[in-house]
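So the chains spell out like this:
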Amino acid sequence: MSVPLSYIWRNLAARRLTTLLTAGGMALVVFVFATVLMLEEGLRVTLVETGSPGNVVVTRRSAGTEVQSIIDREQAAIVESQPEIALGEHGLQLASKETVVLISLAKRGSDKASNVLIRGVGSHGLELRPQVSLLSGRMFRPGSTEIIAGKSVAERYQGTGVGETLRFGQREWTVVGIMDAGRTGFDSEIWGDADQLMQAFRRSVYSSVIVKLVDPDRFPEFRARLEADPRLTLDIKQESVFYAEQSQLLANFISYLGMILSIIFSIGAIIGAMITMYASVANRATEIGTLRALGFRRANILAAFLVEALMLGAAGGVAGLALASFMQFFTISTMNWQSFSELAFSFTLNGEIAAKSLAFALVMGVAGGFLPAARAARLDIVDSLRAA
Amino acid sequence: MESPAEPIVRIRNLTKSYRRGEQRVPVLTNISFDIAAGEFIALMGPSGSGKSTLLNLIAGIDKPDGGSLTVNGTDIATLSEAELADWRAANVGFIFQFYNLMPVLTAFENVELPLLLTSLARGERQARVDLALSMVGLADRTTHYPSELSGGQQQRVAIARAFITDPVILVADEPTGDLDRASANDILALLERLNAELGKTIIMVTHDPHAARSAHAIRHLEKGELDVAP
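In this text, all values refer to a predicted model and were calculated from it rather than measured experimentally.

K.L.:
What exactly am I supposed to notice about the domain arrangement of chain A here?
P.N.:
Interfaces are often sized by the accessible area lost when the parts come together. Along its sequence, chain A is carved into domain 1 (5–48 + 246–386) and domain 2 (62–232). Here the C-alpha centre of domain 2 of chain A lies 46 Å away from the C-alpha centre of domain 1 of chain A.

Set out below in structure tokens:
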């Protein structure tokens, strides 16, 4: 058996202030680490959940995003008429020819303007997105200048509440409803009638066509036929894949920046832990010598001080994670560089992030504790007993 | 083991020196002597005479430069670091001048510490520790921390810790050096009891002639050499 845990634990408790400060330093690093992962995860969840696997997004080849895509009416008609597309009421294909335009709106509170994505949807637009529901007001009427705003748009931009009006495309648009898209990217959009919006912006082409397949498994044949058609130059992607790709650039940036920050901060925390542990070893030289005299081996001493460092790390990890969990109450919005529009998302904590953060904290503990523990184990018994 | 022909500690031509900068400073030169089982021996001598070094060598926490050192039939000079640790756990009980208790552990836990290196079950450990603490007269202090005990009481906890594993020899380095006369007398009486009643071989380093009088024999060390007189 080895040095009892109670001995290790009570030594940490006895040096309450140092323990608290050291664990606190590690907690801050874990906080940053976890927050970055939560941000990345929030972004991923928001964009990935925006797409449903049964839906297919068709855009112009190489357009990448809907904003940069153009599909003319003839091409849209060909896409719409494929046999793999599910049929809705009245035997009509479940397809929505959509047009996407960016407009600039002033934020509430400040007059700073930001890009908001306006989506003109077809009659099946809502049916294709079961995750979107009306929070208040009603759906816009087809053929009218009525629009509905996503929840996070309504919260953050002027003139987007129910009954308010917005002026764009040389027309007055009345907001008649607020939609809740379940934290997906549609929360950051304004929806209206596709044909009305195309007229207002003097457009003759669509941006994308969204269709629902009878069976998601038939996607490969659907794509193969469209890609083989010489009249079409289109990208055909499952909606979930399409939106996941949209988040890549931003997610990678957040993740690289976050990791670099975490690594730099963690070096500070590791040095802090090392100083604490070296002090702990120096203060307890006599105790270490005594334990060794009593018959504890070098390995027991090494293990005891490593466990002490691990406990420090674990305390920091739990505290940092607890702190980070409060971030779930915050929503942030930022420019998605791929669609050029504002995207609102929240910090999302899951089991994997919690596990990674705790592991990170333990690694910091070991990194900080190893050298001091090795010194403790190497101490000469006679010398350390004389240190009294 | 009871046979007088087989001493518990057998020292032959033992030498030990320390390196001080470039120089080697001899501490013990060519020491040979035996300690019989059940002895209570006091090692005396001025500071720097090598008496503590000799004690450390016998206790297996320091290694000799030359000569042989057999304790309870094992030549401990040949043991590896880890073997020596296990050997100490089984064979030696330590008593220090400043008690060297773990400040964050209770009296009970301090005494139990050496038993954690044995295969004894929890219940057995508990029974042994309770017995040891009552033998040193501290049955009512088991949950006290060292800071809540007087010096004499702390030393008695340390003595309980020293004999809890039933070691062959007890080594005591100035066990009364930090105590007032009354407490010192208590400790010496306790050591005499351990020697007389449990038959423990005790090797005690001391400055104090009064303390040395408790021992059966006194050996003087002077400049690394043992006196000739008994």
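K.L.:
Even after reading the chapter, I still don't get the pattern of salt bridges, so can you show me in this structure?
P.N.:
Any two side chains of opposite charge can pair, given that their charged atoms come close. According to the stated counting rule, one finds 30 salt bridges over all chains in the structure shown. Measuring nitrogen to oxygen at the nearest pair gives 2.4 Å for the salt bridge that ties Lys200(B) to Asp166(B). On the criterion of sequence distance, the pair formed by Lys200(B) in the loop between α6 (181–197) and β8 (201–205) and Asp166(B) in the loop between α5 (151–163) and β7 (169–173) is long-range, its members being 34 residues apart. For Arg193(B), the salt bridge identified is with Glu197(B), shortest N-O distance 3.5 Å. Taken together, the residues Arg193(B) and Glu197(B), both in helix α6 and four residues apart, mark about one turn of the helix. When its relative accessible area of 36% is taken as the criterion, Arg193(B) is described as partly exposed. Taken together, the shared-partner salt bridges in this structure form one network comprising Glu66(A), Glu98(A), Arg119(A), Arg129(A), Glu189(A) and Glu239(A).

K.L.:
Explanation requested: the sheet that holds strand β4 (residues 66–71) of chain B in the structure shown.
P.N.:
Whenever strands of a sheet pair, they do so through backbone hydrogen bonds, lying parallel or antiparallel. All names here are of chain B. With respect to topology, four strands assemble into an open sheet ordered β2-β1-β4-β5, the strand pairing being antiparallel. Because the sheet does not close on itself, it has two edges, and the strands there are β2 (23–35) and β5 (74–75). Bridge analysis of strand β1 (residues 9–20) against β2 gives nine bridges, and the strand direction is antiparallel. Following the sheet pairing, Arg10 is matched in β2 by Asp34. Relative to the sheet, helix α1 (residues 51–59) contacts β1, β2 and β4, its axis offset from that of β1 by approximately 120°.

K.L.:
Teacher, can you tell me more about a nonpolar patch on the surface here?
P.N.:
A cluster of nonpolar side chains, Phe253(A), Tyr256(A), Leu257(A), Ile260(A), Leu261(A), Ile264(A) and Phe265(A), forms an exposed patch at the surface whose accessible area comes to about 700 Å². With respect to the element layout, Phe265(A) can be found in helix α7 (residues 239–283).

K.L.:
I would appreciate a short explanation of the packing of aromatic side chains in the present structure.
P.N.:
Residue and element names in this part refer to chain A. If you walk through the whole model with that rule in mind, you get seven aromatic pairs over all chains. Measuring from centroid to centroid gives 4.2 Å for Phe33 and Phe360, while their planes differ by 10°, and the two rings are stacked. A residue pair is termed long-range when its members are at least 10 positions apart, and Phe33 in helix α2 (residues 16–50) and Phe360 in helix α10 (residues 351–378) qualify at 327 residues. Residue Phe33 is classed as buried on the basis of its relative accessible area, which comes to 9%. In this structure Phe360 comes out as buried when scored by relative accessible area, which is 15%. Considering the side-chain rings of Phe168 and Trp173, the 5.1 Å spacing of their centres and the 5° angle between planes classify their relative orientation as stacked. Relative accessible area serves as the criterion here: at 0%, Trp173 is assigned to the buried category. Members of the aromatic cluster, connected to one another through ring pairs, are Phe186, Trp191, Phe242 and Tyr243.

K.L.:
Can you help me understand the pairing of β1(B) in this one?
P.N.:
Where a strand is regular, its side chains alternate between the two sheet faces. Residue and element names in this part refer to chain B. Bridge count between β1 and β4: five bridges; the pairing is antiparallel. Following the sheet pairing, Arg10 is matched in β4 by Thr70. From the end of β1 to the start of β2, which pair antiparallel, there are two residues, and Gly21 there has a positive phi angle of about 65°.

K.L.:
Looking at this structure, I do not really get the interface of chain B and chain A. What am I missing?
P.N.:
The interface is formed by 27 residues belonging to chain B together with 25 residues belonging to chain A. Note on chain B versus chain A: buried area summed over both sides is about 2,300 Å², and carbon and sulfur give 64% of it. Along the contact surface separating chain B from chain A lie four salt bridges. Among the salt bridges present, the one from Arg292(A) reaches Glu81(B), with a minimum N-O distance of 3.1 Å. At the boundary of chain B and chain A, one finds eight residue pairs in polar contact (both at pLDDT 80 or more). Per-element accounting of the side of chain B that touches chain A gives the leading share, six residues, to helix α2 (residues 81–91) of chain B. Here the side of chain B that touches chain A is built from residues that sort into 17 nonpolar, three polar and seven charged.

K.L.:
What is the right way to look at helix α1 (residues 5–14) of chain A in this model?
P.N.:
Residues spaced three or four apart along an α-helix point in a common direction, a consequence of the helix completing one turn every 3.6 residues. Residue and element names in this part refer to chain A. Those residues of α1 that sit buried are Tyr7, Ile8, Asn11 and Leu12. Looking down the long axis of α1, one finds its buried residues gathered within 135° of arc, a one-sided arrangement. Opposite the buried face of α1, at more than 90 degrees from it, the exposed residues are Leu5, Trp9 and Ala14. Elements that come into contact with the buried residues of α1 comprise α2, α8 (285–294) and α9 (298–325).

K.L.:
What is the right way to read the layout of surface pockets from this model?
P.N.:
Considering only enclosed or pocket space, the largest pocket measures out at about 700 Å³ in volume. Lining the largest pocket we find 29 residues, and of these Arg386(A), Ser52(B), Asn56(B), Gln97(B) and Asp173(B) sit closest to its centre. Of all the secondary-structure elements, those providing two or more residues to the lining of the largest pocket are α11 (381–386) of chain A together with α1, β6 (92–95) and β7 of chain B. In terms of residue count, the dominant contributor to the lining of the largest pocket is α1(B) (six residues). For the lining of the largest pocket, a count of residues per class yields 15 nonpolar, ten polar and four charged. Considering only enclosed or pocket space, the second largest pocket measures out at about 380 Å³ in volume. Lining the second largest pocket we find 19 residues, and of these Val121(A), Gly122(A), Ser123(A), His124(A) and Gly125(A) sit closest to its centre. At the level of elements, β2 (95–106) and α5 (194–200) of chain A are the ones that each hand at least two residues to the lining of the second largest pocket. No other element matches the three residues that β2(A) contributes to the lining of the second largest pocket.

K.L.:
Explain unusual backbone geometry to me, please; I cannot follow it from the model alone.
P.N.:
Trans is the common state for peptide bonds, and a negative phi is the common state for residues other than glycine. Residues and elements named next belong to chain B. Residues other than glycine seldom take positive phi values, yet Asn100 does so here, at roughly 50°. One can find Asn100 in the loop between β6 and α3 (107–112). A positive phi angle, close to 50°, is found at Glu174, a residue other than glycine. Among the structural elements, Glu174 can be located in the loop between β7 and α6. We classify Glu174 as buried; its relative accessible area is 10%.

K.L.:
Looking at this structure, I do not really get helix α6 (residues 219–228) of chain A. What am I missing?
P.N.:
Residue and element names in this part refer to chain A. Listed as buried for α6 are Phe219, Phe222 and Leu226. Buried positions in α6, seen along its axis, are confined to an arc of 65° and lie on one side of it. Those residues of α6 hidden inside the fold are in contact with β1 (55–60), α3 (73–80), β9 (208–212) and β10 (234–238).

K.L.:
Teacher, can you tell me more about empty space enclosed by the protein here?
P.N.:
Any empty space left between atoms is shown by rolling a water-sized probe over those atoms. Under the defined criterion, the tally for this structure stands at three cavities of 30 Å³ or more. Taken as a whole, the second largest cavity encloses approximately 50 Å³ of empty space. Every residue lining the second largest cavity is listed: Leu294(A), Arg88(B), Ala89(B), Val92(B), Gly93(B), Phe94(B), Pro114(B), Arg161(B), Ala162(B) and Thr165(B). The set of elements that each furnish at least two residues to the lining of the second largest cavity consists of α2, β6 and α5 of chain B. With three residues, the top contributor of residues to the lining of the second largest cavity is β6(B). Per-class residue counts for the lining of the second largest cavity are six nonpolar, two polar and two charged.

Conventions and cut-offs
Residues numbered from 1 in each chain as written. Chains lettered and ligands numbered in written order. Predicted model: local features only at pLDDT ≥ 70, side-chain atom pairs only at ≥ 80, totals over all residues. Heavy atoms only, no water. Domains from an automatic or database assignment. Salt bridge = Lys/Arg side-chain N within 4 Å of Asp/Glu carboxyl O. Helix = DSSP H or I, 4+ residues; strand = E, 2+ residues; numbered from the N terminus. Buried < 20%, exposed > 50% of the residue type's maximum accessible area, 1.4 Å probe, protein only. Pairing = 2+ DSSP bridges. Contact = heavy atoms within 4.5 Å. Axes fitted to C-alpha atoms, helices over the stretch in contact; angles between N-to-C directions. Patch = residues over 30% accessible without salt bridge, like charges linked within 9 Å, V, L, I, M, F, W, Y side chains within 5 Å. Areas by Shrake-Rupley, 256 points an atom, 1.4 Å probe, with all protein chains shown as cover. Phe/Tyr/Trp six-rings, centres within 6.5 Å; stacked < 30°, edge-to-face > 60°. Buried area = accessible area lost by both parts, 1.4 Å probe. Polar contact = N/O pair within 3.5 Å; in protein donor to acceptor, adjacent residues only side chain to side chain. Nonpolar A, V, L, I, M, F, W, Y, C, P; charged D, E, K, R; others polar. Arc of directions from axis to C-beta. 1 Å grid on protein atoms, 1.4 Å probe; cavity = no way out; pocket = protein on both sides within 12 Å on 5 of 7 lines; lining within 4 Å. Points joined across faces, edges and corners; volume = space filled by probe spheres on them.

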